[in-house]
Amino acid sequence: EAQVTQNPRYLITVTGKKLTVTCSQNMNHEYMSWYRQDPGLGLRQIYYSMNVEVTDKGDVPEGYKVSRKEKRNFPLILESPSPNQTSLYFCASSLSSQRYNYGYTFGSGTRLTVV
Amino acid sequence: KNQVEQSPQSLIILEGKNCTLQCNYTVSPFSNLRWYKQDTGRGPVSLTIMTFSENTKSNGRYTATLDADTKQSSLHITASQLSDSASYICVVMEGNQAGTALIFGKGTTLSVSS
């Protein structure tokens, strides 16, 4: 089944403890992206990757890191999480961001709570 | 500034009734407009994608319309079901051959009651 898999689904952590949220897709998509969703704000892009070893900042990159060492994986790293990073996170992928009508497939989400 | 505005913010309807959700956008250059359905705590799922030349696109009981001149779109849901209870997000793709980006609306929360 074609899908984007995120892990974990739920995570509670303490301030300052490094964590990684994994994202993997099995569709050979070039483009991958991370979003956070907060009440009343909609989805906001954190980082994106056009292809392997190519990453760039989105609208809200502060406090986050990403890497794209292989095509299928795009982990989101929080080096020192803070309570304002408590949010619902989504990973998404698309065949290419260069073509207009390709669909985006979203993962099921990771609900992160930082205390 | 590129923006996507949706209305109403929330809506409650009885099962079996129809409803229409609105989306206004100021995005340039415009590439396409998408409607997504998001169940609580789950990832968005695509319903329709329309380019500027498409006026209407249907997906089962969901029908999206697009007026590129007035920069407005609507999503009409026919004969609503309890499973239609979700957030509906209007997303406009900004871009051209150099690259694209998605501009998200804040969504309309639909509750269908029996």
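One can find the structure itself at the top, above this paragraph.
In what follows, the accompanying structure is described. Note that the coordinates shown come from a computational prediction; the quantities given were computed from them, not determined experimentally.

Considering the state of the cysteines
All names here are of chain B.
Here's step 1: According to the stated counting rule, one finds two disulfides over all chains in the structure shown.
Here's step 2: Note that Cys23 is cross-linked by a disulfide to Cys90, the S-S spacing being 2.0 Å. Judged by the sign of its S-S torsion, about -70 degrees, the cystine formed by Cys23 and Cys90 is left-handed. One end of the pair, Cys23, is in strand E3 (residues 19-26); the other, Cys90, is in strand E9 (residues 86-96), and 67 residues separate them in sequence. Neither Cys23 nor Cys90 differs from the other in exposure class; each is buried.
Here's step 3: There is no disulfide at Cys19, and the cysteine sulfur nearest it, in Cys90, is 15 Å away.

Overview of the pairing of strand E4 (residues 30-38) of chain B
Residue and element names in this part refer to chain B.
Here's step 1: Most of E4 sits inside the fold, with eight of its nine residues counted as buried.
Here's step 2: Of the strand pairs in this sheet, E4 and strand E5 (residues 45-51) are connected by six bridges, and their pairing is antiparallel. Across the sheet, residue Asn32 finds its bridge partner in E5, namely Thr51.
Here's step 3: Following E4, the chain reverses through six residues before pairing antiparallel with E5; Gly41 in that reversal takes a positive phi of roughly 75 degrees.

Notes on the pattern of salt bridges
Residue and element names in this part refer to chain A.
Here's step 1: Enumeration over the complete set of coordinates arrives at six salt bridges over all chains.
Here's step 2: For Lys18, the salt bridge is made with Glu79, and the minimal N-O distance between the two is 4.0 Å. A residue pair is termed long-range when its members are at least 10 positions apart, and Lys18 in the loop between strand E2 (10-13) and strand E3 (19-25) and Glu79 in the loop between strand E8 (76-78) and strand E9 (87-94) qualify at 61 residues.
Here's step 3: Classification of Lys18 as exposed rests on a relative accessible area of 52%.

With respect to the side chain of A:Ser94
Residues and elements named next belong to chain A.
Here's step 1: The topology assignment puts Ser94 in strand E9.
Here's step 2: Of the polar contacts made by the side chain of Ser94, one reaches the backbone oxygen of Gly103; its length is 3.1 Å.
Here's step 3: Those residues in contact with Ser94 that sit more than four places away from it in its chain are His29, Glu30, Tyr31, Tyr102, Gly103 and Tyr104.

Things to note about the packing of aromatic side chains
Here's step 1: Using the criterion set out here, one finds eight aromatic pairs over all chains in the structure.
Here's step 2: Between A:Phe106 and B:Tyr36, the ring centres sit 5.6 Å apart and the planes meet at 85 degrees, which makes this aromatic pair edge-to-face. In this pair, A:Phe106 sits in strand E10 (residues 104-106) while B:Tyr36 sits in strand E4, so the two residues belong to two different chains. Considered together, A:Phe106 and B:Tyr36 belong to a single accessibility category, that of buried residues.
Here's step 3: Site record: aromatic cluster; members linked through ring pairs are A:Tyr35, A:Phe106, B:Tyr36 and B:Phe104.

Some points on the sheet that holds strand E1 (residues 4-7) of chain A
Here's step 1: Spatially, the four strands line up as an open sheet ordered E1-E3-E8-E7 (chain A), and their pairing is antiparallel. Two strands close off the open sheet at either side, each with one partner strand: E1 and strand E7 (65-66) of chain A.

A closer look at the interface of chain A and chain B
Here's step 1: In this complex, chain A contributes 19 residues to the contact, which on the side of chain B involves 22 residues.
Here's step 2: Here chain A is connected to chain B by zero salt bridges.
Here's step 3: Residue assignment for the side of chain A that touches chain B shows that the elements contributing at least two residues are strand E4 (31-38), strand E5 (42-51), E9 and E10 of chain A.
Here's step 4: Of the residues that constitute the side of chain A that touches chain B, the class distribution is nine nonpolar, nine polar and one charged.

A word on the environment of A:Gln25
Residues and elements named next belong to chain A.
Here's step 1: By the element assignment, Gln25 lies in strand E3.
Here's step 2: Here the alpha-carbon distance between Gln25 and Ser93, two residues 68 residues apart in the chain, equals 7.3 Å.
Here's step 3: Gln25 has contacts with Gln3, Val4, Met32, Arg68, Lys71, Arg72 and Ser93, leaving out every residue within four places of it along the chain.
Here's step 4: In this structure the side chain of Gln25 is engaged in a polar contact, spanning 3.1 Å, whose partner is the backbone nitrogen of Asn28.
Here's step 5: A polar contact is formed between the side chain of Gln25 and the backbone oxygen of His29, at a distance of 2.9 Å.

Focus on the sheet that holds E3(B)
Strand-to-strand pairing in sheets goes through backbone hydrogen bonds, with the strands running parallel or antiparallel.
All names here are of chain B.
Here's step 1: Here we have five strands laid out as an open sheet, ordered E1-E3-E8-E7-E6, and antiparallel in their pairing. For this open sheet the edge positions go to strand E1 (3-7) and strand E6 (56-59), each flanked by a neighbour on one side alone. Across the sheet, the mean angle separating the axes of adjacent strands is 15 degrees when strand polarity is ignored.
Here's step 2: Pairing between strand E7 (residues 62-67) and strand E8 (residues 72-77): six bridges, direction antiparallel. When the sheet's bridge partners are listed, Ala64 is paired in E8 with Leu75.

About the thresholds
- Residues numbered from 1 in each chain as written.
- Chains lettered and ligands numbered in written order.
- Predicted model: local features only at pLDDT ≥ 70, side-chain atom pairs only at ≥ 80, totals over all residues.
- Heavy atoms only, no water.
- Disulfide = S-S within 2.5 Å.
- Helix = DSSP H or I, 4+ residues; strand = E, 2+ residues; numbered from the N terminus.
- Buried < 20%, exposed > 50% of the residue type's maximum accessible area, 1.4 Å probe, protein only.
- Pairing = 2+ DSSP bridges.
- Salt bridge = Lys/Arg side-chain N within 4 Å of Asp/Glu carboxyl O.
- Polar contact = N/O pair within 3.5 Å; in protein donor to acceptor, adjacent residues only side chain to side chain.
- Contact = heavy atoms within 4.5 Å.
- Phe/Tyr/Trp six-rings, centres within 6.5 Å; stacked < 30°, edge-to-face > 60°.
- Nonpolar A, V, L, I, M, F, W, Y, C, P; charged D, E, K, R; others polar.
- Axes fitted to C-alpha atoms, helices over the stretch in contact; angles between N-to-C directions.

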